[in-house]
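Here are the chains, one letter per residue:
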Amino acid sequence: MLAHELRARLARKELSPKEVAEAYLKRVQALDPGLGAFLTLNERVLEEAERVDPGLPLAGLPVAVKDNIVTKGLRTTAGSRLLETFIPPYEATAIARLRALGALVLGKTNLDEFGMGSSTEHSAFFPTKNPFDPGRVPGGSSGGSAAAVAADLVPLALGSDTGGSVRQPAAFCGVYGLKPTYGRVSRYGLIAYASSLDQIGPLARSVRDLALLMDAMAGFDPLDATSLDLPPRFQEALAEPLSPLRLGVVREALSGNSPGVERALGEALEVFRTLGFGIKEVSWPTLPLALNAYYILAPAEASANLARYDGTLYGYRAEGEELWPVVEATRGRFGLEVKRRILVGTFVLSSGYYEAYYARAQAFRRRLRAEAKALFQEVDALLLPTTPHPAFPLGGRPDPLAMYREDLYTVGASLAGLPALSFPAGFEGHLPVGLQLVAPWGQDERLLRVALAFEEATDRAFLRTPLGEAF
Amino acid sequence: MELSPELLRKLETLAKIRLSPEEEALLLQDLKRILDFVDALPRVEGGEAEEAWGRLREDEPRPSLPQEEALALAPEAEDGFFRVPPVLE
């Protein structure tokens, strides 16, 4: 059962919040040992389910939360040894808003350490498996959230997306994932990786379910200086009739894709044509090099953001007699990928290299953003694959650069700050394929309306439940 | 991009990260390749001016984390202070 259907049954009292929480917990206990989607379960969830006010709009709806979003009193590790025992004394704004509306945090999901990776294999604890094939990755870095939703261990989940970390795992696990316009969801309480790109986003098994979460958690927050004052109106927008729009197919994302991705794109275009959409090929010339700019900018920001993990105020501290050796040994506990990015970031920001790297990437980012803006004079939304291929085998990307290329099609929207949504649109063999829609700045609602038109026109043909459903 | 072992050690010092000898050997290769990769980025003219993102809130006092709660998270605390190992002998 989808989250909005579950909500209706809860509202009609056909199910109680406790029954719902128990059913999902039972599935987690039965199935998660094989999947590894969760790092921590909320042991108080049944108690919270008993106490929740049934009149609240999300009363009793369980949500899984990526473990780089802080939850007051519930361990938050960011997938790192440095925060292995960290119990946050405060709540992220997104979580506070969901809880205030009656949603229940079921548990915290696995991720690549601090969000750095595309497979969830860079978690310091264990890798997560893809529910469609336990020999394959769920994608990342929000792999635990995507796998949990795909396996229906939970109806809704939050992830975070810096270069594609909601969209790519959503595509690999056959679910919907939205990266909102930068600033629409507060970053207060999101453990920072690359602050100019980081954005919390929802994962679910239908468009309407994404809308439930966005209406609950988006909106201005004085605690985030980059928060936008754009009140969410997702469910309202989905109720309005949609006149056909102009879709731009991004030329730079048309070659080098696997056969299943190519087929899904071709079939989706037919669906949109049938719905009356105008289809046009457009060019986003800087897109193929967006990844190069991303791997200057994101590591630069990471090297500054992760400076705080020095073992003095909270988190892990190495043993030792003198301060600096203790700090260096403490930070030696970062995983290899985190060290790689911190060192790259330190290099591109260091004296003598700043102009050559960081300033060049910033200029490129402005160009890419200007190109995207111009494209939206011609079309209302862009359509391109989320990833060039479906989920790859565990251990299948030993080369860091090959792993980085996973985000080839997703980093463009990230660098431009634009909203982008991945929706299930096909299969390659038994593996899901996702396509991505990108909308103009602040037009997140439009993305959901277009995706809903597709979901309804195809009668949810691409939504599968590889491990069955809770309800 | 030429990345010498000396430059890598300088980066380790700047980033305050200790690498094992195996990690140094591996990351020396990785970093060279990553820097070559990002170096393929062309130089473009400035594009449009950077948009002004965000806004600052008024600097008004509001309740913050109680001292005991903050210190409870510390690896080591004493008499209301965070305790760290000595900086100088």
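Residues numbered from 1 in each chain as written. Chains lettered and ligands numbered in written order. Predicted model: local features only at pLDDT ≥ 70, side-chain atom pairs only at ≥ 80, totals over all residues. Heavy atoms only, no water.

- An unreviewed UniProt entry annotates chain B as Aspartyl/glutamyl-tRNA(Asn/Gln) amidotransferase subunit C of Thermus composti.
- What the UniProt record of chain B gives under Sequence similarities (unreviewed entry) is the line "Belongs to the GatC family."
- Check the Subunit (unreviewed entry) section of the UniProt entry for chain B; it says "Heterotrimer of A, B and C subunits." (UniProt positions renumbered as here; feature names shortened; annotations may be inferred.)

1. So, the interface of chain A and chain B
At step 1: Between chain A and chain B, the contact holds 65 residues from the first and 54 residues from the second.
At step 2: Carbon and sulfur atoms make up 65% of the surface buried where chain A meets chain B, a total of about 5500 Å² over both sides.
At step 3: For the chain A face of the interface with chain B, the top three residues by lost area are Arg317, Leu343 and Arg360 of chain A, together amounting to 13%.
At step 4: Here chain A and chain B share five salt bridges between them.
At step 5: At the boundary of chain A with chain B, the tally comes to 14 residue pairs in polar contact (both at pLDDT 80 or more).
At step 6: Of all the elements in the fold, those that place two or more residues in the side of chain A that touches chain B are helix H10 (290-305), helix H11 (323-331), helix H12 (336-349), helix H13 (354-378) and helix H14 (400-404) of chain A. (Contact = heavy atoms within 4.5 Å. Buried area = accessible area lost by both parts, 1.4 Å probe. Salt bridge = Lys/Arg side-chain N within 4 Å of Asp/Glu carboxyl O. Polar contact = N/O pair within 3.5 Å; in protein donor to acceptor, adjacent residues only side chain to side chain. Helix = DSSP H or I, 4+ residues; strand = E, 2+ residues; numbered from the N terminus.)

2. Notes on the pattern of salt bridges
Once their charged atoms are close, side chains differing in charge can pair, the charge on each being opposite to the other.
Residue and element names in this part refer to chain A.
At step 1: If you walk through the whole model with that rule in mind, you get 35 salt bridges over all chains.
At step 2: Between Glu14 and Arg12 there is a salt bridge whose closest N-O contact spans 2.6 Å.
At step 3: The class of Glu14 is partly exposed, set by a relative accessible area of 40%.
At step 4: With a closest N to O distance of 3.9 Å, Glu48 and Arg44 form a salt bridge.
At step 5: The class of Glu48 is buried, set by a relative accessible area of 15%.
At step 6: Judged by its relative accessible area of 36%, Arg44 is partly exposed. (Buried < 20%, exposed > 50% of the residue type's maximum accessible area, 1.4 Å probe, protein only.)

3. Focus on unusual backbone geometry
Residue and element names in this part refer to chain A.
At step 1: Residue Ser141 follows Gly140 across a cis peptide bond; omega there is 10°.
At step 2: We note that Asp152 has phi near 50°; this positive angle belongs to a residue other than glycine.
At step 3: When you line up the elements, Asp152 lands in the loop between helix H5 (143-150) and strand S4 (156-161).
At step 4: A residue is classified by how much of its surface remains accessible, and Asp152, at 0% relative accessible area, is buried.
At step 5: Positive phi, close to 55°, is recorded for Arg460, a residue that is not glycine.
At step 6: Relative to the elements of secondary structure, Arg460 occurs in the segment after helix H16 (444-457).
At step 7: On the basis of relative accessible area, Arg460 is assigned to the partly exposed category, the value being 32%.

4. Looking at the pairing of strand S8 (residues 278-282) of chain A
Residue and element names in this part refer to chain A.
At step 1: Here five bridges tie strand S7 (residues 246-250) to S8, and the two strands are oriented parallel to one another. Each residue of the ladder has a partner; that of Arg246, found in S8, is Gly278.
At step 2: You can see the chain leave S7, run along helix H9 (residues 259-274) and come back into S8, and the turn it takes is right-handed. (Pairing = 2+ DSSP bridges. Right-handed = clockwise from strand over helix to strand, strands pointing away.)

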